[in-house]
Amino acid sequence: MKRNLLLIVLIAFSVQGFSQFGGASTYDFFNLPTSARVSALGGSQAGIIDSSELSLSYYNPAALMPKMHNNLSANYCNYITDINFGYVSYARNYDSIGTFAIGVQYINYGKFLESLENGTLTGNTFTAADYALNLIYSRNVWKNITVGINLKPIYSVYESYNSFGIAADLGVSYIDSTGLFTAGLVFKNIGTQINAYQYVTKAIHEPLPFDIQFGFSQKLAHAPLRFNVNFNQLHNWHLTDKSTWDYDHKDDDDYTVNGKSDDILKQALRHVVLGVEFIPSQNFSIGIGYNYQRKQELSVSSNTAFVGLSGGFNVKISKFRLSYSIAKYHLSGLSNMFSVGFKL
């Protein structure tokens, strides 16, 4: 009996396709945002340092600051169809040692109908989910430079198939003396599967979604604006196949494929995530972001429908922080994400 496990991957990430480089690794849920603020700014930002937002330490462990002591952060996303995911973290600082945080990350893919290989339903159902524990440590090593590490044990279960793995993020961050400019470099998801998913005859070990990211953030001294830029996949120039492809549908069995090679500029833009924040006060901000790679992966050529755009807002009231974001992943897919933070 074969299960429709492939459906999980197709619905959850939609990463198999001619114009995409995804689908080559396991535990791809690590690429999903865990902060509404970062989700609003395009989905990845390794260079933002903000001592009031603990969840930023997920993107770069060196963003974990001593002022985050006793902070609690909770994040939840209503993703596509019945998929939902979230991240909860808590931090403690010890002056003579450094700053520690612990976080729990999960994604639940919903309930699936079991069927035979010919499509006949058996009447049974099954579930699928991924989990990761985040053990983060950071320490200031010289003036405005901080280093950090995030150790991530992983457990994944798809029906009767399960896998264990281990990964680590290594990061460094910099804050200038004015606090207006911050930057970060992070090596993400260094690790391996310990136990691979069991297939028919043998277990196949798959690579993790390794990434090298560099980002920076610049706030204007005399205007309520902050610009955020993040560079992804710095170790991998080609984020597509040899061409991006368009399909012209003729009939049920015949497709014509037209290939158009990406020029250097388009290939470079696939590595860049852009975000800008309007900050009229210390307690309120509005952010928008653009992710060109997401647009190229998931939009329909005849109707891009704002795919790749995202936006949201942040509100701070005393020791409480609330963030909301909405992101366009596909012509028919929006995600809504909420984040709350507390100073206990």
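Cut-offs and rules
Residues numbered from 1 in each chain as written. Predicted model: local features only at pLDDT ≥ 70, side-chain atom pairs only at ≥ 80, totals over all residues. Heavy atoms only, no water. Phe/Tyr/Trp six-rings, centres within 6.5 Å; stacked < 30°, edge-to-face > 60°. Helix = DSSP H or I, 4+ residues; strand = E, 2+ residues; numbered from the N terminus. Buried < 20%, exposed > 50% of the residue type's maximum accessible area, 1.4 Å probe, protein only. Lys NZ or Arg CZ within 6 Å of the ring centre and 35° of its normal. Pairing = 2+ DSSP bridges.

Novice: Help me out: how do you make sense of the packing of aromatic side chains in this one?
Specialist: What describes a pair of aromatic rings is the distance from one ring centre to the other and the angle between the planes of the rings. Tallied over the entire structure, the rule returns 18 aromatic pairs. With centroids separated by 4.9 Å and ring planes inclined at 45°, the aromatic side chains of Phe100 and Tyr137 adopt a geometry described as tilted. Remark: Tyr137 occurs in strand 4 (residues 121-142) and Phe100 occurs in strand 3 (residues 98-115); sequence separation between them is 37 residues. The class of Phe100 is partly exposed, set by a relative accessible area of 33%. Ring centres 4.9 Å apart and planes at 35° place the aromatic pair Tyr155 and Phe164 in the tilted group. Looking at Tyr155, the relative accessible area reads 31%, which means it is partly exposed. Exposure remark for Phe164: the relative accessible area of 37% places this residue in the partly exposed category. Through pairs of rings, three or more aromatic residues link up here, namely Tyr174, Phe181, Phe214, Phe216 and Phe231. Lying over the aromatic face of Phe30, Lys152 brings its terminal NZ or CZ to 4.0 Å of the ring centre. The ring of Tyr58 carries Lys188 above its face, with NZ or CZ at 5.4 Å from the centroid.

Novice: It is not clear to me how the pairing of strand 3 should be interpreted in this structure. Could you clarify?
Specialist: Regular strands place side chains that alternate from one sheet face to the opposite one. For strand 2 (residues 84-94) and strand 3, the ladder comprises 11 bridges, and the chain directions are antiparallel. Looking at strand 3, one finds that Phe85 is bridged to Ile107. Taking the residues that link successive antiparallel strands as the turn, the strand 2-strand 3 hairpin has three residues. The pairing of strand 3 with strand 4 spans 14 bridges and is antiparallel.

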